[in-house]
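# Residue-level structure breakdown
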Amino acid sequence: METINTGNIAALFEAFHATFRDKRDELIALDAKVGDSDLGITMNAAFEAASNTVSGMADDALGKQFKMAGAAMAKAAPSTMGTLTATGFMRGGKAVDDADAIGTGEMAAFWRAYADGIAERGKAKLGDKTVLDVLEPIAKSLEGSAADNASLVDAVVAASDAAHAALEATKDLVAQHGKAAAFADKSKGLQDAGGTVAFLLIDTVARFVKG
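## Side note on the nonpolar core
In summary, soluble globular proteins display a tendency toward joint burial of nonpolar side chains. Grouped together as the largest cluster of nonpolar side chains are 59 residues, with contacts concentrated most on Phe13, Phe47, Phe89, Trp111 and Ile138. Top element by residues in this core is helix α9 (residues 193–210). It accounts for 11 residues. If near-sequence neighbours (up to four positions away) are discounted, Ile138 is found in contact with Trp111, Ala159, Ala163, Ala198 and Ile202.

What follows is the structure, encoded as C-alpha cells:
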C-alpha cells in the first residue's frame, strides 16, 4: 500500500479493534502486575467504539474520521489510557485534516501530533516509563523516514521496529506516574503497559500497510 486514503480508514480501525480484542487478556495480565487490570478491557472497548463510528464514514475527510474515532474512544473508555489514546487520535486527525491521503510525510505528522498531544495531556516526560517512551521513538523514526523520502511501507515497518526496541527499553525504567508509580522499583524489569499499547498500534499499522 503506497498511501492510506479515506476509504481505508474503516478497515484500519477494524484491524486496530482486532488487535486489541486479541490482546485483551494479555494486556489485562500485564496491567495487573502494577496497575488495576483494566487496560485490556479499556482498549478493546475504545477501539470497538472507534471502529463502529468510522464504519460508515468512507466519504468523509481523513482528519474527520480520526477525530470522530477519538471522540468515540473518549466516550466509550473514559479511563486514563482511554482518554490519552482518544487525545492522540484527535490530535493526529487534526494534523492530517487537509490531506487527501496518508503517505510517509502525513504519517510522520500524525504520530508527532499524537505523541505531543499525549505528552501535553498526560504531563509526562521521556524516561518516566509511560506510553511516551514508545511514542516518541515512533514519531522520530517516521520523521527520519519522511526526510529520507522512504516509502510508507518501509517507514511504518521501521517505526514498528523502533517501537519494539523502545518497549524493551522500558523494562529498565521505574514508573513515575499513575498506580504503577506506587510500586516504584517493583515496576523495574516489566515492560510498560502503555508503551505496549503504542507498540501494538504502530505494529498494526505496519501489518495493515504491508498487507
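Having seen it, we continue.
## A look at the packing of aromatic side chains
For the coordinates displayed, the defined rule picks out 14 aromatic pairs. Look at Phe20 and Phe47: their rings are 4.9 Å apart centre to centre, the planes differ by 10°, and that puts the pair in the stacked class. Taken as a pair, Phe20 in helix α1 (residues 9–22) and Phe47 in helix α3 (residues 39–54) lie far apart in primary sequence, 27 residues in all. Between Phe110 and Trp111, the aromatic rings sit 5.7 Å apart at their centres with planes inclined by 70°, giving edge-to-face as the arrangement. Just as Phe110 is buried, Trp111 falls in that class too.

## Concerning the environment of Leu200
In this structure, Leu200 sits in helix α9. Sequence separation between Leu200 and His164 is 36 residues, and the spatial gap between their C-alpha atoms is 9.1 Å. Apart from residues no more than four positions distant in its own chain, Leu200 is found in contact with Thr19, Phe20, Lys23 and Leu27.

## Here's the deal with empty space enclosed by the protein
Under the defined criterion, the tally for this structure stands at 1 cavity of 30 Å³ or more. In this model, the largest cavity occupies a volume close to 70 Å³. For the largest cavity, the full set of lining residues is Ile4, Leu12, Phe16, Phe66, Phe89, Ile102, Met107, Phe110, Trp111 and Val205. Of all the secondary structure elements, the ones that give two or more residues to the lining of the largest cavity are α1 and α6 (104–122). Per-element accounting of the lining of the largest cavity gives the leading share, 3 residues, to α6. Of the residues assigned to the lining of the largest cavity, the class counts are 10 nonpolar, no polar and no charged.

## Things to note about the packing of helix α8 (residues 152–169) against α9
The N-to-C vectors of α8 and α9 enclose an angle of 155°; their axes lie 9 Å apart at closest approach. On the basis of the axis angle, α8 is roughly antiparallel to α9. α9 is crossed by α8, and the crossing has left-handed handedness. Only Gly195, Thr196, Phe199, Ile202, Asp203, Val205, Ala206, Val209 and Lys210 of α9 make contact with α8, whose side of the interface consists of Leu152, Val153, Val156, Val157, Ala159, Ser160, Ala163, His164 and Leu167. In the contact of α8 with α9, the residues fall into 12 nonpolar, 4 polar and 2 charged.

## Quick word on helix α7 (residues 132–147)
Helix length check: α7 (16 residues) gives 22 Å between terminal C-alpha atoms against 22 Å at 1.5 Å per residue, within 8%. Leu132, Asp133, Val134, Leu135, Glu136, Ile138, Ala139, Ser141, Leu142 and Ser145 are the residues of α7 that are buried. After α7 finishes, the residue Asn149 shows a positive phi value of roughly 60°.

## Overview of the packing of helix α4 (residues 62–76) against helix α5 (residues 80–95)
Axis separation between α4 and α5 bottoms out at 7 Å; the angle between their running directions is 165°. As summarised for this structure, α4 and α5 are arranged roughly antiparallel, according to the angle between their axes. The handedness of the crossing between α4 and α5 comes out as left-handed. Seen from α4, the contacting residues are Gly63, Phe66, Lys67, Gly70, Ala71, Met73 and Ala74; seen from α5, they are Thr85, Ala86, Phe89, Met90, Gly93 and Lys94. Counted by class, the contact of α4 with α5 contains 7 nonpolar, 4 polar and 2 charged residues.

## Details of unusual backbone geometry
Within the chain, Lys123 stands out as a residue other than glycine whose phi angle is a positive 55°. Take Lys123: it is sitting in the loop between α6 and α7. Accessibility expressed as a relative area gives 64% for Lys123, which makes it exposed. For Lys129, which is not glycine, the phi dihedral falls at a positive 60°.

Thresholds applied
- Residues numbered from 1 in each chain as written.
- Predicted model: local features only at pLDDT ≥ 70, side-chain atom pairs only at ≥ 80, totals over all residues.
- Heavy atoms only, no water.
- Core = buried A, V, L, I, M, F, W, Y, C linked by side-chain atoms within 4.5 Å.
- Buried < 20%, exposed > 50% of the residue type's maximum accessible area, 1.4 Å probe, protein only.
- Helix = DSSP H or I, 4+ residues; strand = E, 2+ residues; numbered from the N terminus.
- Contact = heavy atoms within 4.5 Å.
- Phe/Tyr/Trp six-rings, centres within 6.5 Å; stacked < 30°, edge-to-face > 60°.
- 1 Å grid on protein atoms, 1.4 Å probe; cavity = no way out; pocket = protein on both sides within 12 Å on 5 of 7 lines; lining within 4 Å.
- Points joined across faces, edges and corners; volume = space filled by probe spheres on them.
- Nonpolar A, V, L, I, M, F, W, Y, C, P; charged D, E, K, R; others polar.
- Axes fitted to C-alpha atoms, helices over the stretch in contact; angles between N-to-C directions.
- Parallel < 35°, antiparallel > 145°, perpendicular 65-115°, else oblique.
- Left-handed = near helix turned anticlockwise from the far one by under 90°.
- Expected span 1.5 Å × (residues − 1).

Interpretation note: all reported values are geometric properties and have no functional meaning in isolation.
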